Amino acid sequence: DTPPKETLGLSVTIRETAFVIEGRGIDKHVIARVDADADQQLGTALASVAAAHPDNKEVIIVSQQDTNYGDIVAVMDISRENGLPSVALMAADSR
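In this report, the structure presented in the accompanying data block is examined. (Residues numbered from 1 in each chain as written. Predicted model: local features only at pLDDT ≥ 70, side-chain atom pairs only at ≥ 80, totals over all residues. Heavy atoms only, no water.)

With that out of the way, let us pick up helix α2 (residues 69-81). For α2, built from 13 residues, the straight-helix expectation of 18 Å at 1.5 Å per residue is met to within 8% by its first-to-last C-alpha distance of 18 Å. Those residues of α2 not exposed but buried are Ile 72, Val 75, Met 76, Ile 78 and Ser 79. Taken around the axis of α2, the buried residues stretch over an arc of 165°, which confines them to a single face. Turned more than 90 degrees away from the buried face of α2, the exposed residues are Tyr 69 and Glu 81. If you check the start of α2, you find a side-chain oxygen 2.6 Å away from the backbone N of Gly 70, and it comes from Asn 68. Backbone geometry just after α2 places Gly 83 at a positive phi near 90°. (Helix = DSSP H or I, 4+ residues; strand = E, 2+ residues; numbered from the N terminus. Expected span 1.5 Å × (residues − 1). Buried < 20%, exposed > 50% of the residue type's maximum accessible area, 1.4 Å probe, protein only. Arc of directions from axis to C-beta. Polar contact = N/O pair within 3.5 Å; in protein donor to acceptor, adjacent residues only side chain to side chain.)

Below, the structure written as structure tokens:
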């Protein structure tokens, strides 16, 4: 019996000023949302993670209490377009 692989636990946190990509065994990546190409940068970063971890198809999108719904949908679409079709939503701890 082979032990189950530890999941990547990939997440994208939508903050007011940045997208933050984190996961087990990958470097934390912060993308400033003020950049005109922030969505493209996010897509490129997620595509890179998806290519490096082809068994992982999941991403957790972490939103803040005041995150705009349109921003959540946009990150969901970007994730799916870049090799991560299984999207889960999670609210950030407000403490």
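In this structure the tally under the stated criterion is one salt bridge. Among the ionic pairs, Asp 71 bridges to Arg 33, the shortest N-O distance being 2.8 Å. Of the two residues, Asp 71 is situated in helix α2 and Arg 33 in the loop between β3 (29-32) and α1 (38-52); the sequence distance between them amounts to 38 residues. Given the relative accessible area of 25%, Asp 71 is considered partly exposed. What makes Arg 33 partly exposed here is its relative accessible area of 24%. (Salt bridge = Lys/Arg side-chain N within 4 Å of Asp/Glu carboxyl O.)

Let us now look at the pairing of strand β5 (residues 86-91). Relative to β5, strand β4 (residues 58-63) runs parallel, the two being bridged by six bridges. The residue of β5 that forms the bridge with Ser 63 is Ala 91. (Pairing = 2+ DSSP bridges.)

Take the sheet that holds β3 next. If you trace the five strands from one edge of the open sheet to the other, you get β3-β2-β1-β4-β5, paired in mixed fashion. Sheet topology places β3 and β5 at the edges, where each strand pairs with a single neighbour. Taken over all neighbouring pairs, the strand axes of this sheet differ in orientation by 20° on average, direction set aside. Docked against the sheet, α2 engages β1 (11-14), β2 (18-22), β4 and β5, running at close to 165° with respect to β4. (Axes fitted to C-alpha atoms, helices over the stretch in contact; angles between N-to-C directions. Contact = heavy atoms within 4.5 Å.)

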